[in-house]
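Descriptive structure summary
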Amino acid sequence: MHGTAYAQSEAAPASPEEADDSNQIVVTGTQIRGAQINDVLPVTVLDETAIENTGAASGDELFRSIPQAGTVAFNEQNATTQNSARGDVGSINLRDLGTGNTLLLINGRRMTLHPGFQTELLVPVVSADTNEIAPGSVRRLEVLRDGASAIYGADAVAGVINTVLRGNRTGGFLEADWRASQGTSLYNYSISGGYGFDFGGGRGNLTVYGGYFKENGMLASERDYAGEDNRLPLVEGTDFEGDASFNNRNTFGPFGQFDIQAPSSRTPIGDDDFYLQPSTFPGCRLDFGNGICARNGTTPTTAVRYNTNFGNNLISAKKRYNAMALLSYELSNNVEAYFEGSYYRSENRRNIEASAILSAVPVGIARDAYWNPFGPTTLADGSPNPNRLPGTTIAAGGADLIMERYRFVDVGNRDVTVDKDTYRLVAGLRGSLGAWDFDTGLLYSEADLIDLARNRVSLTLMQQQINLTTPDAYNPFNGGCLDDPGEGDCTPNPASSIDPFRIDVFRKGGTSLALADFKLSRDDLFTLPGGDVGVATGIEFRRETFYDDRDPRLDGTVTFTDSVTGDFNGSDVAGTSPSPDTDGTRDVYSAFAEVFVPLVAPDMNIPLVEELNLQLAGRIEHFDDIDATAIVPRVAASWTTFPGVTLRGAWSQGFRAPNLVQVNDEGTTRSNTRDDFVVCQARVEKGTLENLGACPGAGTISFRSGARDLEPEDSTSINLGVVLEPVFIPGLTLTADYWRVKQEGLVGTFGDDNAIALDLLRRLNGSTNPNVIREDPTADDIALFTGTSLAPAGAIIQVLDPYLNLDSRVSKGWDFGMFYDVPNFGLGDFRLRFNAARLESFVQSAGPQGQELLDAIEAGTLPPDVSVEGLGELLEIEGRPKWRFSSAINWESGPVDVGLFGSYVGEVWDTSVTRDELIETDDPNGNFYRVDDFFTVNFSISYTINNDTALDGTRLRFAINNLFGEDPPLADETYGYFSELHSARGRQFHVELRKSF
């Protein structure tokens, strides 16, 4: 036993009343019960002491403490739209190889996936929800840091995390826990308990757990880095002082931007495009009254832009409920029946920014709309129009307007609740059939979610309300707050004009997993000079399902057709692109075999070969929905040269089938701001645009769709390591492991921005990119392109961006571990732990079309202003720090326990911020913003009463998470920091009272 993997019989129980589940060794990474295979496998274990050191109040916080865990894409700060996985959810992404490439197990069997999904590198990804795992119910976490597709199947490309639950309890406990974040109103508390007892003369045991957690939530305004989109004050005194990238106030606010459907000469504005602003601001062209004026142009100046974090929650209000039952009963001396049942519910509520229209979906305002400032001179009853502005030559009948930018701040922040229910049932038999061990079971798990967003805006009903010809019409021309246009709306419309178009919008989702398996193993099939040969084999069937049911106003049932322009949009919800309902089912059939071969044993007395062990495994897996079959092998070995020095290595192939969303997506439309390089190139050649870098973005519709001809992603993993256990330092184990993973055929999209760039390249060569669908050129288009190197091109209708097996990726790095149980020398028991992950390289290769663009840029055919993002060396880019580590020191003496836990996340580059004044540097990332590293320390002390009184078994624990009150390092993100890497909870005080009985 070398400290990097615990067997079940060797995991120290947390308290006397807890027994272990089996007398046989079971380690994540092998299916052979009892095989002494520990040294072959790079497994990191967090036992109950290590889990408690992390200070985690949720599964997400617990899993983040693992240095190999990677970025957490599913998190509440990162989920700002209904197309995200919102709510009280956490994801897992070992080694940053991609969300969905890590397999999560509970007691050795997989978890069902979270019902929500979101895009990562433009494709939908899925993950089990780490928050479904309550830290208090976990005996230990086993993290296999190596590809394990041959052992466990699909989605084990990056590794496996097995959660071992605390079963076979005799006795019970009650625990109360309270935490508060210093300097804020944020607090949470939890109440949990468990009880277990033997029955049937000791042949059976029932253990039950239950828990309740509540957190009150926190506004973004309680953190200076999160409450304000304008973060320029936070970079004063740095190289990025004054950098406009740190002012993220939004061009969509209560001061709207409009297009007059009349010649620009008809108004003093001198432009058909204008936006509203306080009249005290420079550039006013036309007075609108009430302190508001119009300024010409299409993009509001910085001073007019809106703080989208106003009124938002940084941390949501939430409740969690969980209940669990673990039952085992010996039917005979050879057969045991077991049952696991669990239920989890989370309720999450938060405010996010008020709805705004999409740039690609402007809204027409009729010329006779009551509040239209350029409406008819007289109303229908013949009376003068009180809202028509004087001083224009707009025709007496008025002019239509197009509302191109507007945020409905007076409707209120979107109020989002996400409620989720998950249950899991496992029933099985395990025992022995002669000399063979067997385990067979049935699993069914289901998760259902309802995402409900209040204070949304129906485009159809809103346009009707704006275009009323009576004073109860909605007025989008009354601006916001004159002193600070970015904070709220000081001139809101009355509720009577808002309520007719205020709507609730839902998204319902669900996943299920049904699984049946049968496994046989034997650790002594026959004997070699090196020891007993172990073997395991098994079969498995599983059915996975999912559904994603969108609100009728999103799925195409209720659409929006502009009553003024006639333009059509598949979504009737302001600010959200149309999304069809989606569902899918997959049946998976698999079989595996594994052999453990001890080639050399110590008593063979072979020089420099104290022990030599070999693991061979293979798996075949068939996916019926894509009609694909994968066969993958694994070879691993350990070589102990002499006592205390063990070398280990593994080579394996893996696969990950495209997830059900990727396969079954019949077409998702997204609106993004993209540069039309074709039109801009014509402007550059005509001299009306400086370069393509100055190309003004416009709303562009991207159409993404799945395909059943997608193939599984292939991977090849190598792991080489050394384990040192110096005989002269008892209790010390040192480990170092090198790993390398090559992934091929990654499912992705080419990207609509890359597709437009490819359209430019091919048009320069006389052809086109058929995935960029354009309108026929208008007379203005033809005039623009005349005299240029390009044939006339019309405006982009949409870009087709299907999911494809495109790219490859090579990642490599190191893991280091130190585990030291200090011999007791009279001052109590000391325990030291250190776990570090060093990411060395993360290189993303281009697919054929991407390479076509790169070659053109290198050859000078395309200007350097055209870039292909997300390719090449991505180490430290938008996450993926070089170094992450955790360390812990624990001291126990009698009833007193003291712990220190440190967690470190290294520096990364934020590529959304580039220096205003570029510097010459050999570092290709040197002009990006450098996000600082983040080191936090937890401290805890506890006292346990051990006497014969009623207080016997009572423990009081006091802890401080983030002892030094470190803020997350600043980044140009929604809330001012990388929520995928860092926490905004600050210093937390934590008091816990526990009574065992």
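It should be noted that the structure appears before, not after, this text.
The sections below set out a description of the structure shown in this document. Quick caveat, the model's predicted, so the values are computed rather than measured.

1. Focus: the state of the cysteines
- One pass over the structure, following the stated rule, counts three disulfides.
- Between the sulfur atoms of C481 and its disulfide partner C490 the distance amounts to 2.0 Å. Taking the sign of the torsion about the S-S bond as the criterion, the disulfide between C481 and C490, at about 95 degrees, is right-handed.
- Of the residues examined, C490 reaches a relative accessible area of 51% and is grouped as exposed.
- Bridging C680 to C695, the disulfide has an S-S length of 2.0 Å.

2. So, the sheet that holds strand β1 (residues 43-46)
- In space, the five strands of this open sheet follow the order β1-β6-β7-β2-β3, with mixed pairing throughout. Edge positions in the sheet fall to β1 and β3 (109-110), since each of these pairs with one other strand and no more.
- Strand direction decides the pairing type here: strand β2 (residues 102-106) and strand β7 (residues 159-165), joined by five bridges, are parallel. Within β7, the position partnered with T102 by the bridge is G159.

3. Some details on the packing of aromatic side chains
- Under the criterion given, the structure shown has 34 aromatic pairs.
- Plain terms: the ring middles of Y195 and F997 are 6.1 Å apart, the flat faces sit at 15 degrees to each other, and that makes the pair stacked. Remark: F997 occurs in the segment after β46 (988-996) and Y195 occurs in strand β9 (residues 187-199); sequence separation between them is 802 residues.
- Relative to F885, the ring of F834 lies with its centre 5.5 Å away and its plane at 40 degrees, an arrangement referred to as tilted. Here F834 is found in strand β38 (residues 829-844), whereas its partner F885 is found in strand β40 (residues 883-893), with 51 residues between them in sequence.

4. As for the packing of helix α8 (residues 752-764) against helix α10 (residues 848-859)
- Two numbers describe how α8 lies on α10: the axes approach to 10 Å, and their chain directions differ by 55 degrees. Relative to α10, the element α8 lies oblique. As for how α8 packs across α10, the hand of that crossing is left-handed. Two secondary-structure elements touch here, α8 through N754, A757, L758, L761 and R762 and α10 through Q849, E852, L853 and A856.
- Of the residues assigned to the contact of α8 with α10, the class counts are five nonpolar, two polar and two charged.

Criteria and thresholds
Residues numbered from 1 in each chain as written. Predicted model: local features only at pLDDT ≥ 70, side-chain atom pairs only at ≥ 80, totals over all residues. Heavy atoms only, no water. Disulfide = S-S within 2.5 Å. Buried < 20%, exposed > 50% of the residue type's maximum accessible area, 1.4 Å probe, protein only. Pairing = 2+ DSSP bridges. Helix = DSSP H or I, 4+ residues; strand = E, 2+ residues; numbered from the N terminus. Phe/Tyr/Trp six-rings, centres within 6.5 Å; stacked < 30°, edge-to-face > 60°. Axes fitted to C-alpha atoms, helices over the stretch in contact; angles between N-to-C directions. Parallel < 35°, antiparallel > 145°, perpendicular 65-115°, else oblique. Left-handed = near helix turned anticlockwise from the far one by under 90°. Contact = heavy atoms within 4.5 Å. Nonpolar A, V, L, I, M, F, W, Y, C, P; charged D, E, K, R; others polar.

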